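Now for the letters of each chain:
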Amino acid sequence: MYPIRLVSFPALFFASSLQAAITSAEVIPSNVAVPVGQAASASLRWAVVRGTSPTGLVQAGENVVSGRGEFRDAAGQLLGRVERRLQQTRTVSSSDTFTFRETVRVPAALLYQAHKAGLTHIYYQRTFDDDYGAQSASAEMRLTSAAAAGFSLSRLALSFEGGWLHRVVAAGEVLRPQVVVSFSGSGQFRATWEVAEPATTRGEPVFRPLISVRRYLTAGGETLIEGPVLPTRSKGTYLLRLRIDAPDVGFAPPLLRYVVEPAAARALPTLTAQSPLSGARLTAVTRFQWSPVAGARAYQVEIRGTESVTGPPLTGLVATAEQNHVVLPPHTRERLKPGRYYWRLLAIGPQGGVLAASPLRELRVIAP
Amino acid sequence: MVFLHRPGYRFCCGWGVIFLTLFFQRIAWSTPALLPAAEGFWTPDAALRIEAGALAGVGPERRAVELDDMDVTALLAVEGSELVLYPAQPLAPGWHQLRLVEYTDDGEIIERGFWRFEVRRSSLWRERGAEVQAGLSLARRLSREITPDDPQNSLEGTARLDGTADSGTWRLRGEADLVYQPRDVLRSQAMTPLDATAFSATAARGPWRFTAGQQAPLPPSLIAEEGLLRRGLSAGFERPEQGTQVTAFALRSQEVVGLSEGIAPSDASDRLAGLTLTSRPLISRRDELLLSAAWLQGRDPGAVGEGVWGDPDLTASGRALSLAADGFLWQRRLRLRGEWASSRYDYDGTGPLSAETAQAHTLWASYTPAQPLSLGETRVNWEAGVEWRRLGSFFRSLANPAAGADRAGWRGFAAASWDGFDLRLDTGREHDNVDSLPGLPRIAIDRWSAVLAWSPLQWQPPAWLGLPRLGLDLQRSGQAVTRDGGGLAAGALRLTRVVTFSAGFDYERGRWSVAHTLARDEDLALGGDSESRISELSLGLQPWESLNIDLTLQQERYDDNGDAATTNVADLNLSQQLSPRLALQLGHTLERQTSVWMQSRTTATQAQLQWWLREGVTVSLEGSDNRYAADVDQRDRQFFLRLDLAWP
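Residues numbered from 1 in each chain as written. Chains lettered and ligands numbered in written order. Predicted model: local features only at pLDDT ≥ 70, side-chain atom pairs only at ≥ 80, totals over all residues. Heavy atoms only, no water.

**A word on the overall build of chain B**
- When its secondary structure is counted, chain B shows one helix and 36 strands.
- The buried share of chain B, reckoned over its 648 residues, is 43%.
- Looking at chain B as shown, the accessible area adds up to about 33,300 Å², and 58% of this sits on carbon and sulfur atoms.
- Each charge class in chain B was averaged separately, 66 positive and 83 negative side chains, and the resulting centres sit 4 Å apart. (Helix = DSSP H or I, 4+ residues; strand = E, 2+ residues; numbered from the N terminus. Buried < 20%, exposed > 50% of the residue type's maximum accessible area, 1.4 Å probe, protein only. Areas by Shrake-Rupley, 256 points an atom, 1.4 Å probe, with all protein chains shown as cover. Lys, Arg positive; Asp, Glu negative; His and termini not counted. Charge placed at Lys NZ, Arg CZ, Asp CG, Glu CD.)

Written out as structure tokens, the structure reads:
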């Protein structure tokens, strides 16, 4: 953001101020840097002063309106339009200032076109009118590279891990969102993951914050931000969004939806895993130990590459009902390259069904 | 023994000993075999019998059996010279693998047998079946505060469908998630009240494969985002033994949800079509060289898809080509990867602007030593690498819409681990305005980061420390203008520094962790800076089997050129299994934001009591109290009685 004071549009190509009730219009900041080749956003504050004469010779209207914004070059040639109306209505009194906040999105094609035409600046202009007179103001937009441009987002893509946009999951299943942020310039990305849970979506959805995201993004580019583990305990429909506080984007954040399906059976009883602790390193003597479960025919140690329990595990070991601890044999450990894994225990019943399961724990493997 | 001294007898006895030795060795180490099933095929609950010869007689510490990469040695029974495996769970129809290994006295692991076998439901069908998991949820609002649009009663449902048919010649598989949601606000724009959110269907015969629905046919490259998931159609041909795979695809440019959007990408303005080819030409060393090529073309209607925000006026078209080679040298110690790509991108599709052509290429090398270094009595494992890349100023691909362009430079990285320490270093220098576009500045970007983590490897910490983990993360990014332009003069532009310290402790029945991040960003051209301090505490306890408590506290102090703001978030969740059929869940969240401009306080409390009546039937009582206090106060209380039905 640039600490800009008003610099009136140099040629005043578009101004008309004859006996106008609106005496001035200005925009802050009046100068922003936008990237060539990708879309950008700019947060603008328009200040419009409406003046009246004590003699009543100069009249003013109650409505101050700007029907649309226009991109123009320095010669005044129209490059593009933003069909968004800004309007405020206020009873006519003495001198009065109207403030309009606008986040304008500058299309990538327009910036590319301006660059190809050899322009180094374009202008975003609005004319404010109250039916008795009009005043215009313009923000200068300097064309520059993505790294040197002002901090703004050009694209935001929310999804669940794996790229899915809608998920149906079982209660307790680990589900994480992610967002890919494309940006120009440098600055702090400030956002909050928020979720509306079934306790409200059955009526009026109310979002509650999950966790804040604060990250300095530098020199334009793209980044992947992983979200928190989402609540999946209650059955029903959830709404998820990323509320963005900075930079200004001027839009309602995109929503994702997920559904936790009702389960036929009760949640599986917890099998208590005694060791290893979460985050432990796997060694030749790492002991997987658990509390016995009545009726179990066998126990299974599952080692997985992700926090998802769907699909077959990477490797593991099956133990008999009489065992309450095992050590992974060398040929099983050999399958695990250095990295981060997750493990859990299952108690298998006589018919092959799962009687109980332990929560996933992290396991790390480093090179010997 | 006299006759042994006679030459003739000596000759005969010598050959006899050799013969007998070989004979008994053959008996002892005859190749183990997986015995065929009685029906001619294995059924899901069939026992697996291995004729193991002498290996059946050795102790379990000398041999092991793996079923689908799981060690099942403990389940083996010995019947004569046979090892018999009775799997703990029925095997899924399809192909499985069984491995028999022997441990020698010197600790070597020798594979004595490896078999792939097929489990079938019947002699005609390897697999045939359909699974449906369905649920219906009825809710009745109990609270009196009802806004006109809110229903008193609501109904929603889900179904997950999964069907498979496999005759051995044709393989068909389909899966879909169905959702019934009559309320507009709770479903995606394009969805009807009863709709499929995602689905895929695959038909395969021999080397041919056809897929419809959600899929990710493009391998990651400069022109394709990793795991790009889109709805569409594809046809592929695969020769695994030759390592060759060819896939032709036509996908939606923007991902969609709901069947009303159709299956085939029929709209040319929202279609991405192309071809991918991968090959492993070294037959005997398949993993050592991978060649890949991808070509695509299409049009993008702009960021109008689900979950996406961006340039709504974009109506771009383009095409792109990527050629890549990835291989290992020097006994896999040196890995080399190179990629060349070209794109032709038209910002306004069929509009008057001309298309922009650009190239990109990247070279990547990493080295891993065969033997770790020795540092005193400990060993240091390490690897290091370097990457050089150049992305043209207008390099853009429709299949990689988020990717940055206009970069050239190098990056070096190294990682080492020893005695509980892990260290990762990363440094690089890049610049933009790669194609020297007139009027634009050139920015040089220097980055480095160091991440150090420690957890005890040999040292046994006292019990009160649990399993400790410490981490330190340092990052620095500096920018400087190296060529005037865009209103910027040469000189330092920006400096960003981030330091994060974290500590975590895990116990048998709980964990806790703390983290603190200090970040500072300085605008060296215009002056001014911002600073952010974030502190986090996370706690998870399971005091006894049925109770779980999770608490997260986060505080951030942000100062932007003197404008200070503070954000506090606290999140507490508790779940208690009151009895085998009754469970309670409580959650409370508090967020407080304070700045010179505004103050706000958000509180959200939720509670749920769940009673499991019988298999598939659950009754719940749930309520929420939400309050937002700022310039105006908003409060919302809702209570519901809910009946969940699930099948099967």
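**Quick notes on the overall build of chain A**
- Along its length, chain A carries three helices and 27 strands.
- Put simply, chain A has 368 residues, and 61% of those count as buried.

**Some remarks on the pairing of strand E23 (residues 315-320) of chain A**
Residue and element names in this part refer to chain A.
- Within E23, six of the six residues are buried, leaving the element largely enclosed by the surrounding structure.
- Burial of E23 is two-sided: the residues Thr-315, Leu-317 and Ala-319 facing one way and the residues Gly-316, Val-318 and Thr-320 facing the other way are all buried.
- Two strands pair when backbone bridges link them, and strand E22 (residues 298-304) and E23 are joined in this way by six bridges, in the antiparallel orientation. Looking across to E23, one finds that Glu-302 is bridged to Gly-316. (Pairing = 2+ DSSP bridges.)

**Side note on the interface of chain A and chain B**
- Counting residues at the interface gives 121 residues for chain A and 141 residues for chain B.
- Around 10,600 Å² of area is buried between chain A and chain B when both sides are counted, 53% of it from carbon and sulfur atoms.
- The interface formed by chain A and chain B includes twelve salt bridges.
- Of the charged contacts, one joins Arg-214 of chain A and Glu-556 of chain B as a salt bridge, the two residues approaching to 2.8 Å between their closest N and O atoms.
- Counting the contacts that link chain A with chain B gives 52 residue pairs in polar contact (both at pLDDT 80 or more). (Contact = heavy atoms within 4.5 Å. Buried area = accessible area lost by both parts, 1.4 Å probe. Salt bridge = Lys/Arg side-chain N within 4 Å of Asp/Glu carboxyl O. Polar contact = N/O pair within 3.5 Å; in protein donor to acceptor, adjacent residues only side chain to side chain.)

**Quick notes on the sheet that holds strand E21 (residues 287-290) of chain A**
Residues and elements named next belong to chain A.
- Judged by pairing direction, the sheet is antiparallel, and its three strands sit side by side in the order E19-E21-E24 without closing on themselves. In this open sheet, the two strands that pair with only one neighbour each are strand E19 (273-275) and strand E24 (325-327). Recorded for the sheet is a direction-independent mean angle of 25 degrees between the axes of neighbouring strands.
- In this sheet, E21 lies alongside E19 in antiparallel orientation, the contact comprising two bridges. The partner of Ala-273 across the bridge, within E21, is Trp-290. (Axes fitted to C-alpha atoms, helices over the stretch in contact; angles between N-to-C directions.)

**Some words on a nonpolar patch on the surface**
- Taken together, Leu-142, Leu-578, Leu-609, Leu-621, Phe-639 and Leu-641 of chain B make up a surface patch of nonpolar side chains, about 510 Å² in accessible area.
- Checked against the element boundaries, Leu-578 of chain B lands in strand E32 (residues 563-579). (Patch = residues over 30% accessible without salt bridge, like charges linked within 9 Å, V, L, I, M, F, W, Y side chains within 5 Å.)

**Quick look at the environment of Glu-102 of chain A**
Residues and elements named next belong to chain A.
- You can see Glu-102 is positioned in strand E8 (residues 96-106).
- On the accessibility criterion, Glu-102 (2% relative accessible area) is buried.
- Along the chain, Glu-102 and Arg-84 lie 18 residues apart, while their C-alpha atoms are 9.5 Å from each other.
- The contacts of Glu-102, once residues within four sequence positions are left out, are Ala-42, Ser-43, Leu-44, Trp-46, Val-82, Arg-84, Leu-86, Tyr-124 and Arg-126.

**Overview of the sheet that holds strand E2 (residues 48-51) of chain B**
- Across the sheet, four strands lie side by side as E1-E2-E6-E5 (chain B); this open sheet has antiparallel pairing. The sheet terminates laterally at strand E1 (33-34) and strand E5 (76-79) of chain B, the two strands that pair on one side only.

**Some thoughts on the pattern of salt bridges**
- The tally for this structure, following the rule as stated, stands at 61 salt bridges over all chains.
- For Arg-389 of chain B, the salt bridge is made with Glu-430 of chain B, and the minimal N-O distance between the two is 2.8 Å. Linking Arg-389 of chain B in strand E23 (residues 378-391) with Glu-430 of chain B in strand E25 (residues 421-431), this pair joins segments that are 41 residues apart in sequence.
- Its relative accessible area of 28% is what places Arg-389 of chain B among the partly exposed residues.
- Connected through shared salt-bridge partners, Glu-194, Arg-241, Arg-243 and Asp-245 of chain A together with Glu-591 of chain B make up one network.

**Regarding the environment of Gly-327 of chain B**
Residue and element names in this part refer to chain B.
- You can see Gly-327 is positioned in strand E19 (residues 316-329).
- Taking the C-alpha atoms as reference, Gly-327 lies 27 Å from Trp-448; in sequence the two are 121 residues apart.
- Apart from residues lying up to four places away in sequence, Gly-327 is in contact with Glu-288, Leu-289, Leu-334, Arg-335 and Leu-336.

**What about the environment of Leu-83 of chain B?**
All names here are of chain B.
- Positionally, Leu-83 belongs in strand E6 (residues 82-85).
- Using a relative accessible area of 0% as the deciding quantity, one classes Leu-83 as buried.
- Spatially, the C-alpha atom of Leu-83 lies 16 Å from that of Phe-117, the residues being 34 residues apart in sequence.
- For Leu-83, the residues in contact, after removing those within four places along its chain, are Leu-48, Arg-49, Ile-50, Ala-52, Ala-56, Arg-63, Val-65, Leu-76, Ala-77, Val-78 and Leu-100.

**Observations concerning the confidence of the model for chain A**
Residues and elements named next belong to chain A.
- Taken residue by residue, chain A gives an average pLDDT of 85. The fraction at 70 or more is 89%.
- Averaged over each element, pLDDT in chain A is lowest for strand E20 (residues 280-281) (85) and highest for strand E5 (residues 69-72) (95).
- In this model residues 1-20 is a low-confidence stretch, pLDDT under 50, and it forms 35 contacts with partners more than four residues away in sequence or in other chains. (pLDDT = per-residue confidence, 0-100.)

**Quick look at helix H1 (residues 108-116) of chain A**
All names here are of chain A.
- Most of H1 sits out of view: seven of its nine residues are buried.
- For H1, the complete set of buried residues consists of Ala-108, Ala-109, Leu-110, Leu-111, Tyr-112, Ala-114 and His-115.
- After H1 finishes, the residue Gly-118 shows a positive phi value of roughly 85 degrees.

**Here's the deal with the nonpolar core**
Residue and element names in this part refer to chain A.
- Grouped together as the largest cluster of nonpolar side chains are 59 residues, with contacts concentrated most on Trp-46, Phe-71, Phe-128 and Met-141.
- Looking at this core, the element that brings in the most residues is H1, giving six residues.
- Listed in part, the 35 residues of the second largest apolar core include Val-181, Phe-189, Leu-256 and Tyr-258. (Core = buried A, V, L, I, M, F, W, Y, C linked by side-chain atoms within 4.5 Å.)

**Looking at unusual backbone geometry**
All names here are of chain A.
- Each neighbour pair has its own omega, and for Ile-28 with Pro-29 the value is -5 degrees, a cis peptide bond.
- As for its placement among the helices and strands, Pro-29 is situated in the loop between strand E1 (22-28) and strand E2 (31-35).
- The amide bond that connects Ala-246 to the next residue, Pro-247, takes the cis arrangement and shows omega of 0 degrees.
- As for its position among the elements, Pro-247 is in the loop between strand E17 (236-246) and strand E18 (255-261).

**Observations concerning the packing of aromatic side chains**
- According to the stated counting rule, one finds 20 aromatic pairs over all chains in the structure shown.
- When the centroid spacing of 4.5 Å and the interplanar angle of 10 degrees are considered together, the rings of Tyr-238 of chain A and Tyr-258 of chain A count as stacked. Of this pair, Tyr-238 of chain A sits in strand E17 while Tyr-258 of chain A is found in strand E18, placing the two residues 20 residues apart along the sequence. The burial state of Tyr-238 of chain A is the same as that of Tyr-258 of chain A; both residues are buried.
- On the basis of an interplanar angle of 50 degrees and a centroid distance of 5.8 Å, the ring pair of Tyr-367 of chain B and Trp-382 of chain B is categorised as tilted. Here Tyr-367 of chain B is found in strand E21 (residues 356-367), whereas its partner Trp-382 of chain B is found in strand E23, with 15 residues between them in sequence.
- Trp-382 of chain B sits in the partly exposed class, given a relative accessible area of 28%.
- Clustering of aromatic rings is evident, with ring pairs tying together Trp-46, Phe-71, Phe-100, Tyr-124 and Phe-128 of chain A.
- Positioned above the aromatic ring of Tyr-558 of chain B is the side chain of Arg-190 of chain A, whose terminal nitrogen or guanidinium carbon lies 4.1 Å from the ring centre.
- Sitting over the face of the ring of Phe-328 of chain B, Arg-332 of chain B holds its NZ or CZ atom 4.0 Å from the ring centroid. (Phe/Tyr/Trp six-rings, centres within 6.5 Å; stacked < 30°, edge-to-face > 60°. Lys NZ or Arg CZ within 6 Å of the ring centre and 35° of its normal.)

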